[in-house]
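Here's the letter readout for the chains.
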Amino acid sequence: MRPLHPLLKVALFVAFLFLLCELFIYYLVIIQCSWPTIKSDNNDALRAFFISDTHLLGSRQGHWFDKLRREWQMTRAFQSAMTILNPDAVFVLGDLTDEGKWASDYEFDATVRRFWTMFYHNSDVDFNVVAGNHDMGFHDVIEPNRQHRFEVKFKTPSVQVLTIKDNVFVLVNSITMETDMCSMCSTATEQLRHASMQLNCTKYGSTNGQISDSKSSKECDSIQKLPKVAPILLQHYPLWRVSDAMCTGVDAAPPNERYEKFRPGYGALPLDASQRLLSWIQPRLVISGHTHYNCYVVHDGDVPEFSVPSFSWRNLNNPSIVLATISKDKYEIGKCFLPQESTVKMIYIIGVFTLAIWFLLNVKKLKKSLVGKN
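Bear in mind the structure is a predicted one, so any value in this text is a computation, not a measurement. (Residues numbered from 1 in each chain as written. Predicted model: local features only at pLDDT ≥ 70, side-chain atom pairs only at ≥ 80, totals over all residues. Heavy atoms only, no water.)

In this section: the overall build of the protein chain. From N to C terminus, the protein chain includes 11 helices and 11 strands. Reported as C-alpha extents along the three principal axes, the dimensions of the protein chain are approximately 100 × 50 × 40 Å. A buried classification covers 53% of the 374 residues belonging to the protein chain. The long-range share in the protein chain, meaning contacts at least 24 apart out of those at least 6 apart in sequence, stands at 73%. Side chains of the protein chain carry 39 positive and 37 negative charges; the gap between the two charge centres is 12 Å. (Helix = DSSP H or I, 4+ residues; strand = E, 2+ residues; numbered from the N terminus. Buried < 20%, exposed > 50% of the residue type's maximum accessible area, 1.4 Å probe, protein only. Contact = heavy atoms within 4.5 Å. Lys, Arg positive; Asp, Glu negative; His and termini not counted. Charge placed at Lys NZ, Arg CZ, Asp CG, Glu CD.)

This is the structure we're talking about:
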């Protein structure tokens, strides 16, 4: 058998290095992840992915190669995770796009098409999204058509109540949760009130949560009942907290950002809107995004909140997918860390260095093979 030509060896090495860093590494890392387990009488627990802040670039921000690379990374990570972990449901917690607040309808449609290509999933996976400020703008600058096009393209109203495997989820558009009674907020408030009535009718048998109120009880006759379980609240903004000072973990905000004070309605949902959500929804768990970093806090009434880190390597060196195993009475939260950008760069550097050393050691053979060929 004839030995391989030196240049063919180089080509095979380069191809292997590329495939390792751009394809195989996602499987090698994600296969080490596993679902958190719960002890429950109900063996049919829900397994769900939670990701946030994908920030698909448009024409204004970032370089074309940055856009290409980040979307490739997110595509490979998501599709590899779907293959290996096979979730029942996926939730994307806002800022799907980076430039939705500026984009023309044509560019927004193109971004939406790219999103659905990147996050392709089988029809048996329950896939849902909520809106973020980059998708339509902050509350004080949003235009109605931007809210409308997001809700139409992603089929998600300002408030949505979902039941998946007997678990109840309330998805809200954080941008419309202000209590100033602007037009979009008034509509969202009515949707939120109806969701609260559904939950109250299920739990208490009355729309206002008063068991002995016969008039309110009769109103429940026309309201669809839900599984009798405390809901999980999903939104983009975290509920009000002063800063990320209490947040810990390898993917928490860095020290230079952790103590920056949040502006109400920008860094976190304002206090009055947060209190209304906790009072009206009475969630057993809150899951949010927006800050790009991991955080765990406990609100009044012992309501825990997890803030999901950004899924984009443009924002973090170590993105992750939050894994949740959820039953009617319990839940466990875990995390699947994805390949670190620094690790991929190091593999490339080692590969190039190895190739350079090989060239130096085999320069005579290369010259001989090239001369012989000519």
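A few words on the nonpolar core. In globular proteins that are soluble, nonpolar side chains generally tend to be buried together. F49, F115, L277 and F311 are the most contacted members of the largest nonpolar core, which totals 65 residues. Leaving out residues up to four positions away in the same chain, L277 has contacts with V172, M177, L192, L233, Q235, L239, L269, Q282 and P283. (Core = buried A, V, L, I, M, F, W, Y, C linked by side-chain atoms within 4.5 Å.)

So, about the state of the cysteines. Summed over all chains, the structure comprises three disulfides. Here C201 engages in a disulfide with C220; their sulfurs sit 2.0 Å apart. When the S-S torsion is -85°, as for the bridge of C201 with C220, the disulfide is left-handed. Of this pair, C201 sits in helix α6 (residues 183–203) while C220 sits in the loop between α7 (214–219) and β6 (232–234); the two residues are 19 residues apart in sequence, bridging distant segments of the chain. An identical accessibility class is assigned to C201 and C220; each is buried. Each disulfide pairs two cysteine sulfurs, and for C247 the partner residue is C295, the sulfurs being separated by 1.8 Å. Residues C247 and C295 are joined through a disulfide that is left-handed, its torsion about the S-S bond being -70°. One end of the pair, C247, is in the loop between β6 and α8 (255–258); the other, C295, is in strand β8 (residues 295–299), and 48 residues separate them in sequence. When the cysteines of the protein chain that form disulfides are numbered from the N-terminus onward, they connect as 1-6, 2-3, 4-5. (Disulfide = S-S within 2.5 Å.)

Here the focus is the pairing of strand β10 (residues 320–326). Within a regular beta strand, the side chains point alternately toward one face of the sheet and then the other, so they alternate between its two faces. Taken across its seven residues, β10 has seven buried, putting it largely inside the fold. Side chains S320, V322, A324 and I326 of β10 all project onto a buried face; the interleaved residues I321, L323 and T325 project onto the opposite face, where all are buried too. Both strand β1 (residues 46–51) and β10 contribute to a ladder of five bridges, which runs antiparallel. From the neighbouring strand, F50 faces β10, where its bridge partner is V322. Relative to strand β11 (residues 331–337), β10 runs antiparallel, the two sharing seven bridges. Paired with T325 across the bridge in β11 is E332. Linking β10 to β11, which pair antiparallel, is a turn of four residues. (Pairing = 2+ DSSP bridges.)

Between helix α1 (residues 6–30) and helix α10 (residues 341–361), the shortest axis-to-axis distance is 10 Å and the interhelical angle comes to 175°. Comparing the axis directions of α1 and α10 gives the class roughly antiparallel. Counted together, P6, K9, V10, F13, V14, L17, F18, L20, C21, E22 and I25 of α1 and V344, I347, Y348, G351, T354, L355, W358 and F359 of α10 form the full contact between these two elements. The residue makeup of the contact of α1 with α10, split by class, is 15 nonpolar, two polar and two charged. (Axes fitted to C-alpha atoms, helices over the stretch in contact; angles between N-to-C directions. Parallel < 35°, antiparallel > 145°, perpendicular 65-115°, else oblique. Nonpolar A, V, L, I, M, F, W, Y, C, P; charged D, E, K, R; others polar.)

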